[in-house]
Amino acid sequence: MKSSITLFPLKWFLFFLFICGGSTLPAREKKITLRALVACDLISENIRQGSAADLTRMKRNLAAIAKQLGVAHKITVLRNGSLSVSRVKKWISSLQEKSNDIVFFYYSGHGGRTGSSQGPWPFIVCPRREINKQAKVFMGKAIYNQIVKKKPRLGIIMFDSCNNRIQKKNPE
């Protein structure tokens, strides 16, 4: 089943951001910080290479965007064993409410939806290296809701994962 959400390539998104943001922000806006979380699954063998490339490109592109906008940037990277539900929650909770910052969340890894999932958001999977430990999931909708509650100047949330329906119990 095809999703009704249309996605466009990252290069067009970055082009749009540059055009809308102008070359730099006014001097009074210099206290803005681009706060980014880049979370990538580098454990799962079938997506490791693609996620590693995504991580490299995303860090480079975020730094270039911040430079183009004339704002500071702070990029947090979660990968391998550091990618966990609790660390994602901790990063989101560290954001200041009603801040003038740009908040960017990016996830590259496994995801999906269950039959009872509502809305366009997939769940994301935080893999585990240990064989006896089960992977943990985090609902994309929860990430969206928590970032929106913080009321950033601009919030961008991107999932580079599957978003197809699976036939399992809802992971919520």
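Here, the structure is the one placed above.
Residues numbered from 1 in each chain as written. Predicted model: local features only at pLDDT ≥ 70, side-chain atom pairs only at ≥ 80, totals over all residues. Heavy atoms only, no water.

Examining the sheet that holds strand β1 (residues 33–40)
Here is step 1 of the chain: Strand order across the open sheet formed by 4 strands is β2-β1-β3-β7, with parallel pairing between neighbours. Pairing within the sheet leaves two strands with one partner each, and these edge strands are β2 (72–79) and β7 (154–160). Across the sheet, the mean angle from the axis of one strand to that of its neighbour is 10°, orientation sign disregarded.
Here is step 2 of the chain: Packed on one face of the sheet, helix α2 (residues 48–69) meets β1, β2, β3 (102–108) and β7 and runs near 170° to β2. (Pairing = 2+ DSSP bridges. Helix = DSSP H or I, 4+ residues; strand = E, 2+ residues; numbered from the N terminus. Axes fitted to C-alpha atoms, helices over the stretch in contact; angles between N-to-C directions. Contact = heavy atoms within 4.5 Å.)

Considering the packing of aromatic side chains
Here is step 1 of the chain: Under the counting rule described, the total for this entry stands at 3 aromatic pairs.
Here is step 2 of the chain: Ring geometry for Trp121 against Tyr144: centres 4.9 Å apart, planes inclined by 25°, an arrangement best described as stacked. With Trp121 in the loop between β4 (111–114) and β5 (123–126) and Tyr144 in helix α4 (residues 140–149), this residue pair connects regions lying 23 residues apart in the sequence.
Here is step 3 of the chain: Residue class for Tyr144 comes out partly exposed when judged on its relative accessible area of 32%.
Here is step 4 of the chain: One aromatic cluster is present, built from ring pairs that chain together Phe105, Trp121, Tyr144 and Phe159. (Phe/Tyr/Trp six-rings, centres within 6.5 Å; stacked < 30°, edge-to-face > 60°. Buried < 20%, exposed > 50% of the residue type's maximum accessible area, 1.4 Å probe, protein only.)

Things to note about the pattern of salt bridges
Here is step 1 of the chain: This structure, assessed with the given rule, holds 2 salt bridges.
Here is step 2 of the chain: Ionic pairing is found between Arg35 and Asp101, a salt bridge with its closest N-O pair at 2.6 Å. Taken together, the residues span a long stretch of sequence, with Arg35 in strand β1 and Asp101 in the loop between α3 (85–94) and β3 at a distance of 66 residues.
Here is step 3 of the chain: Of the residues examined, Asp101 reaches a relative accessible area of 7% and is grouped as buried.
Here is step 4 of the chain: Here Arg57 ties to Asp54 by a salt bridge, and the two come within 3.7 Å at their closest N and O atoms. (Salt bridge = Lys/Arg side-chain N within 4 Å of Asp/Glu carboxyl O.)

Focus on the sheet that holds β5
Here is step 1 of the chain: On the basis of which strands lie adjacent, the open sheet formed by 4 strands has the order β6-β5-β4-β8 and mixed pairing. The open sheet has two free edges, formed respectively by β6 (136–139) and β8 (165–166), since each of these has just one partner strand.
Here is step 2 of the chain: In this structure, β5 lies alongside β6, joined through 4 bridges in antiparallel fashion. Bridge pairing in β6 places Ile124 opposite Phe138.
Here is step 3 of the chain: Contacting β5 and β6, α3 crosses the sheet at an angle of about 35° to β6.
Here is step 4 of the chain: Each of β5 and β6 touches α4; the most contacted strand, β6, lies at about 50° to it.

Notes on empty space enclosed by the protein
Here is step 1 of the chain: In the structure shown here, the tally under the stated rule is 1 cavity of 30 Å³ or more.
Here is step 2 of the chain: As a volume, the largest cavity reaches approximately 40 Å³.
Here is step 3 of the chain: Lining the largest cavity, in full, are Arg35, Leu95, Gln96, Ser99, Asp101, Val103, Lys150 and Pro152.
Here is step 4 of the chain: Of the residues assigned to the lining of the largest cavity, the class counts are 3 nonpolar, 2 polar and 3 charged. (1 Å grid on protein atoms, 1.4 Å probe; cavity = no way out; pocket = protein on both sides within 12 Å on 5 of 7 lines; lining within 4 Å. Points joined across faces, edges and corners; volume = space filled by probe spheres on them. Nonpolar A, V, L, I, M, F, W, Y, C, P; charged D, E, K, R; others polar.)

Some points on the pairing of β2
Here is step 1 of the chain: As paired elements, β1 and β2 share 8 bridges and run parallel to each other. Its bridge partner lying in β2, Thr33 is registered against Ala72.
Here is step 2 of the chain: For the crossover that starts at β1, traverses α2 and ends in the parallel β2, the hand is right-handed. (Right-handed = clockwise from strand over helix to strand, strands pointing away.)

Observations concerning the environment of Val71
Here is step 1 of the chain: Mapped onto the elements of the fold, Val71 is located in the loop between α2 and β2.
Here is step 2 of the chain: Look at Val71 and you get buried, because its relative accessible area is 8%.
Here is step 3 of the chain: For the pair Val71 and Ile102, spaced 31 residues apart in sequence, the C-alpha to C-alpha distance is 9.5 Å.

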